[in-house]
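Tertiary structure, described
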Amino acid sequence: MRKIYILFAGVMVLLGVTYADDFLVKEDNDKGIKFYDKAILSDPIMQFDRDVLRRQMDQHIFYVREGSRGGYDSSGGACGCN
Amino acid sequence: MQLIAILIILIAICSYDEVHAEKSISVHLMNYGDSADVDIWEGLILYQTDLSDQTELSAKYGVDSVTSVSFNTISESTGNPEAQVRHSGSLSLNHFYTRNISGATSLQVSSKEDYFSYTAGQSMTFPIIDHLTTLSFAGFYTKNVNSPNIPTTNSVLLPPPNRSLDSDQLTAIMSIERLLSLKSKLKILAEMYRQSGYLSTGYQRVPITTGTTSGMALESVPDSRTGMSVAAVYSRWLFNNSAMHIRGRYSQDSYNVTAMSADVTFLKYLTDLLIGEFRYRYYRQTSASFYGDIFDVLPSEYFTNHQALSEFFSNMIGLGLTYEIEKWGSVKLWGDVYGADTGFNYLTISLGYEQKF
């Protein structure tokens, strides 16, 4: 377990160092993809979790029936299933 | 009743707005039935509205009812074969601090007859580098207040005396989403959590055989559990108005449960308004270090025969249809079939409706 934590911390530090120079772009930055180029990326079927309620129902079942958790966008439990 | 009252007040507040706010209401109904004779009906209502140009509020209320259940899950342990009903509600406030930086604050409560829990969370999302990459952080705290209503006549099922049944959970999530091209994107998530307190259900019993005598005892699990998981999701737009999502996930925790899952979802516009969906998920996990299917000796400090902590693998297939009602919302129908090598399986059928106004 400890090795995993060290690896996780290492990745975080590496990302921080890599992106330190241009962290937090300015709002008026006009670089990158324009919104009108993102039509396909914004399509409903291109969303990772396009149905929040369905995902929550899935996670509720997995939480009770499987021994692992995590790896999804939101978490926090409070499903009342302990 | 309190949750319903809170929800009504919230909807009233949300209905009062001076701007032409976008609103939507979603209703989902689901039936779950499994090979352990558990049959659950679940309903969820999600209401979303813009409070201002920068702020959006989501209110959710859910209720589920266990209409039938296996003998050893509720009937034997509580002596009460009647259905259990659980209520839950959540509030989430999404706020755009600037044009690009957003944050969400959420509060969730849930309860059933012998159980109450609440979760408070905060997340932040902002772009980095060149607007092609988005970084998100989220943190959640969950408090479970547990007071099992177990009859005192059955002493073997009572939780250990003089012990708090409460538990806590702290969760931290970080994710990075990167647009790879105009037709593909990648998301990487890392999550760490720590649970502490009474982590058993208070209902789970373990058969114990010592020599010629046998009996039952409450399971015993460690008072804390720490885990981490990492996941990656790759999304790709395909030919003929279709898209594919591939997700890989790995997790490990202090119970020595190591798990991985891989799932692929394929979506396609069957017509301009009808979306078809196919999903496949493979899951495999190792058992907790203290798991035993049958105990033929005195158990060690920790013991359980809860199948969720055993070694198994499972497959799940899902099919779904979504009909988009132009400018109005959508109707959704889907079903999932899940089967594990332990013989456990379940089937869910769900119906959803979203109305925009």
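Residues numbered from 1 in each chain as written. Chains lettered and ligands numbered in written order. Predicted model: local features only at pLDDT ≥ 70, side-chain atom pairs only at ≥ 80, totals over all residues. Heavy atoms only, no water.

What follows deals with the interface of chain A and chain B. Taken residue by residue, the interface counts 59 residues in chain A and 102 residues in chain B. Buried area between chain A and chain B, both sides added, is near 6,900 Å², and the carbon and sulfur share of it is 58%. Linking chain A with chain B are six salt bridges. Measuring nitrogen to oxygen at the nearest pair gives 3.2 Å for the salt bridge that ties Asp51 of chain A to Lys332 of chain B. Here chain A and chain B share 18 residue pairs in polar contact (both at pLDDT 80 or more) between them. Of the residues contributing to the side of chain A that touches chain B, the split by class is 27 nonpolar, 15 polar and 17 charged. (Contact = heavy atoms within 4.5 Å. Buried area = accessible area lost by both parts, 1.4 Å probe. Salt bridge = Lys/Arg side-chain N within 4 Å of Asp/Glu carboxyl O. Polar contact = N/O pair within 3.5 Å; in protein donor to acceptor, adjacent residues only side chain to side chain. Nonpolar A, V, L, I, M, F, W, Y, C, P; charged D, E, K, R; others polar.)

Glancing now at the side chain of Thr348 of chain B. By the secondary structure assignment, Thr348 of chain B is in strand S18 (residues 345-356). When its relative accessible area of 2% is taken as the criterion, Thr348 of chain B is described as buried. (Helix = DSSP H or I, 4+ residues; strand = E, 2+ residues; numbered from the N terminus. Buried < 20%, exposed > 50% of the residue type's maximum accessible area, 1.4 Å probe, protein only.)

Formed by 20 residues in total, the largest nonpolar core has its most connected members in Phe62 of chain A together with Tyr32, Tyr338 and Tyr346 of chain B. Considering each element in turn, this core owes the most residues, four residues, to helix H2 (residues 52-65) of chain A. Other than its neighbours up to four places away in sequence, Tyr32 of chain B contacts Ile61 and Arg65 of chain A together with Val38, Asp39, Ile40, Phe344, Tyr346, Leu347 and Thr348 of chain B. Leu41 of chain A together with Trp237, Tyr269 and Ile275 of chain B belong to the second-largest nonpolar core, a separate cluster that totals 10 residues. (Core = buried A, V, L, I, M, F, W, Y, C linked by side-chain atoms within 4.5 Å.)

On to empty space enclosed by the protein, then. Following the criterion strictly, the structure yields three cavities of 30 Å³ or more and no others. Reported here for the largest cavity is a volume of approximately 420 Å³. As for the largest cavity, its lining consists of 26 residues, of which Phe48 and Asp49 of chain A together with Thr265, Glu277 and Arg279 of chain B are closest to the centre. Of all elements in the fold, only H2 of chain A together with strand S13 (242-253), strand S14 (258-269), strand S15 (274-285), strand S16 (312-325) and strand S17 (329-340) of chain B reach the threshold of two or more residues within the lining of the largest cavity. Looking at the lining of the largest cavity element by element, the count peaks at five residues for H2 of chain A. Per-class residue counts for the lining of the largest cavity are eight nonpolar, six polar and 12 charged. (1 Å grid on protein atoms, 1.4 Å probe; cavity = no way out; pocket = protein on both sides within 12 Å on 5 of 7 lines; lining within 4 Å. Points joined across faces, edges and corners; volume = space filled by probe spheres on them.)

Next up on the list: the pairing of S14 of chain B. Residues and elements named next belong to chain B. Only one face of S14 is covered, namely the one carrying Ala259, Ser261, Asp263, Thr265, Leu267 and Tyr269; the face carrying Thr258, Met260, Ala262, Val264, Phe266 and Lys268 has none of its residues buried. Here 11 bridges tie S13 to S14, and the two strands are oriented antiparallel to one another. Bridge pairing in S14 links Met244 to Phe266. In sequence, S13 turns back onto S14 through a hairpin of four residues, with Asn256 there showing a positive phi of about 70°. (Pairing = 2+ DSSP bridges.)

Attention shifts here to the packing of aromatic side chains. Counted under the stated rule, the structure contains nine aromatic pairs over all chains. Measuring from centroid to centroid gives 6.3 Å for Phe126 of chain B and Phe137 of chain B, while their planes differ by 40°, and the two rings are tilted. Of this pair, Phe126 of chain B sits in strand S6 (residues 115-128) while Phe137 of chain B sits in strand S7 (residues 133-146), placing them 11 residues apart in sequence. Using a relative accessible area of 38% as the deciding quantity, one classes Phe137 of chain B as partly exposed. Grouping aromatic residues by their ring pairs yields a cluster made of Tyr32, Tyr338, Phe344 and Tyr346 of chain B. Over the aromatic face of Phe48 of chain A sits the side chain of Lys185 of chain B, whose NZ or CZ is 4.9 Å from the ring centroid. (Phe/Tyr/Trp six-rings, centres within 6.5 Å; stacked < 30°, edge-to-face > 60°. Lys NZ or Arg CZ within 6 Å of the ring centre and 35° of its normal.)

This part covers the pattern of salt bridges. Counting across every chain of the model gives 12 salt bridges over all chains. The partner of Arg279 of chain B in a salt bridge is Asp58 of chain A, with the nearest N and O atoms 2.8 Å apart. Here the residue Arg279 of chain B occupies a position in strand S15, and Asp58 of chain A occupies one in helix H2, the pair thus bridging two chains. Accessibility classification places Arg279 of chain B together with Asp58 of chain A in one group, the buried group. A salt bridge links Asp263 of chain B to Arg247 of chain B, with the nearest nitrogen and oxygen atoms 3.8 Å apart. With Asp263 of chain B in strand S14 and Arg247 of chain B in strand S13, the pair connects residues that are 16 residues apart, well separated along the chain. In terms of burial, Asp263 of chain B and Arg247 of chain B fall into one category: buried. What you see here is one network of salt bridges that share partners, running through Arg54 and Asp58 of chain A together with Glu277, Arg279 and Asp336 of chain B.

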